[in-house]
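# Residue-level structural notes
The residues making up each chain are set out below.
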Amino acid sequence: MGEYSKRVGEVGESVVADLLRLLGWQNIMRNEDIDSIDTDFRKKTNGVDGYYHYNNPMISNTIENVIYSCKYSTSPYPTSQAQIVNTFKSYYTDLAKAIESFKKSILKQKTCEGYEFIDNCFDRGVLFWLNNSNDRDKDLITKLGKIELTTETNHDGIFLVDNKRAEFLYNAMSYALAAYRGYDIDFIYFINGLNLADTNLRNGKIMPVEYINSSILPLRLSKEKETMVMLFTIDDFDENDLMKYFGIANKIGCDTQGSTVICFPNYLETEHKTIVEAKKQIFQEPSFTTNLHIVNYNQPLLR
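Residues numbered from 1 in each chain as written. Predicted model: local features only at pLDDT ≥ 70, side-chain atom pairs only at ≥ 80, totals over all residues. Heavy atoms only, no water.

### Describing the sheet that holds strand 7 (residues 203-204)
With mixed pairing, the 6 strands of this open sheet are ordered in space as 7-6-8-9-10-11. Taken across any chain shown, the strands that pair with only one partner, and hence form the sheet edges, are strand 7 and strand 11 (292-296). Examined bridge by bridge, strand 10 (residues 259-264) and strand 11 share 5 bridges and lie parallel to one another. Bridging from a neighbouring strand, I262 pairs with I294 of strand 11. (Pairing = 2+ DSSP bridges. Helix = DSSP H or I, 4+ residues; strand = E, 2+ residues; numbered from the N terminus.)

### Observations concerning the state of the cysteines
Taken as a whole and judged by the stated rule, the model has 0 disulfides. Looking at the unpaired C121, the closest cysteine sulfur is the one in C112, lying at 3.8 Å. Relative accessible area serves as the criterion here: at 24%, C121 is assigned to the partly exposed category. (Disulfide = S-S within 2.5 Å. Buried < 20%, exposed > 50% of the residue type's maximum accessible area, 1.4 Å probe, protein only.)

### Considerations on helix 6 (residues 239-253)
With 15 residues, helix 6 should reach 21 Å at 1.5 Å per residue; the first-to-last C-alpha distance of 22 Å fits that figure. The set of residues buried in helix 6 consists of L242, Y245, F246, A249, N250, I252 and G253. (Expected span 1.5 Å × (residues − 1).)

### Section: the nonpolar core
By size, the foremost hydrophobic cluster in this structure holds 46 residues, and its most contacted members are F128, L217, L219, M230 and F232. At 8 residues, the largest contribution of residues to this core is made by helix 5 (residues 163-179). (Core = buried A, V, L, I, M, F, W, Y, C linked by side-chain atoms within 4.5 Å.)

### Thoughts on the sheet that holds strand 3 (residues 62-73)
For sheets, the rule is that strands pair by backbone hydrogen bonds, running either parallel or antiparallel. In spatial order, the strands read 1-2-3-4-5; together these 5 strands make up an open sheet with mixed pairing. Each edge of the open sheet carries a strand with a single partner, namely strand 1 (29-35) and strand 5 (158-161). Within the sheet, the average angular offset between the axes of one strand and its neighbour, ignoring direction, is 35°. Where strand 4 (residues 120-131) and strand 5 come together, 4 bridges link them in parallel fashion. (Axes fitted to C-alpha atoms, helices over the stretch in contact; angles between N-to-C directions.)

### As for the pattern of salt bridges
Under the defined criterion, the tally for this structure stands at 13 salt bridges. A salt bridge links D38 to K97; the nearest nitrogen and oxygen atoms lie 2.6 Å apart. With D38 in the loop between strand 1 and strand 2 (45-55) and K97 in helix 3 (residues 81-103), this pair connects stretches of sequence that are 59 residues apart. Ionic pairing is found between E64 and R124, a salt bridge with its closest N-O pair at 2.3 Å. Here the residue E64 occupies a position in strand 3, and R124 occupies one in strand 4, the gap between them amounting to 60 residues. Among the ionic contacts, a cluster of salt bridges with common partners joins K103, K108, D123 and D156. (Salt bridge = Lys/Arg side-chain N within 4 Å of Asp/Glu carboxyl O.)

### Some remarks on the environment of F122
Mapped onto the fold, F122 is located in strand 4. Not counting chain neighbours up to four residues away, the residues in contact with F122 comprise I59, T62, I63, E64, N65 and D156. (Contact = heavy atoms within 4.5 Å.)

Put into structure tokens, the structure is as follows:
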């Protein structure tokens, strides 16, 4: 639907900028140089591909500073596990050192001074490691699950986005925008122990960085008096997980949505509809399941 595999054929940074705009990250500062505080590692400055900051709806009174780096290639991901790990560690260290320098920078100081009523500030990174090789093996994250990283650098976390993750986010947002033209689209912010204050938004235009590695993407769509919840998942359709998605979609809607759409990357009505109907009966929430629909967000829309 979103044809991400075609879009990634362009220059990597442009693809990332387009993706982030879909996620509500507007007016990103790009190609900034930050004075290095570790001159043994890098003598003068750390160049960063992008910098974005926002008031984090997932953690009350907190600024989220995000430094991102784009690593782009026309070749497939390495096939050797050792090469994957070594390349990732190199990319990770470059970004970690940039964040470490950012923490001491005038840029951070001026950013923080622009916010009011702030108690905390997190400085995180996102590493986009992408290629346009059309290789079927798009998943790097599972190959790096047991990697050991140095703790010598000072940052608050680094997220990895590979082809599989970027394609999921791009195609999900593209589907929502194309299928529901004219609707107002927000990200739903899960309630947790860190954002219980009444002043915290429950939905909004900015996707929190915490969602970038999540297996689900929750959206709220509204038009006039109609409200809808859309729940996208990166995982394939599996009847054993279906009840879990029913529960999540029902809970985040707080019984306020008129309808709910759960979106899989490979749902086929001819194969899966009977399973869905059986699970709806077991769920025993007719006010929810009557208006529950399952779709494939990678299938072309019928006009």
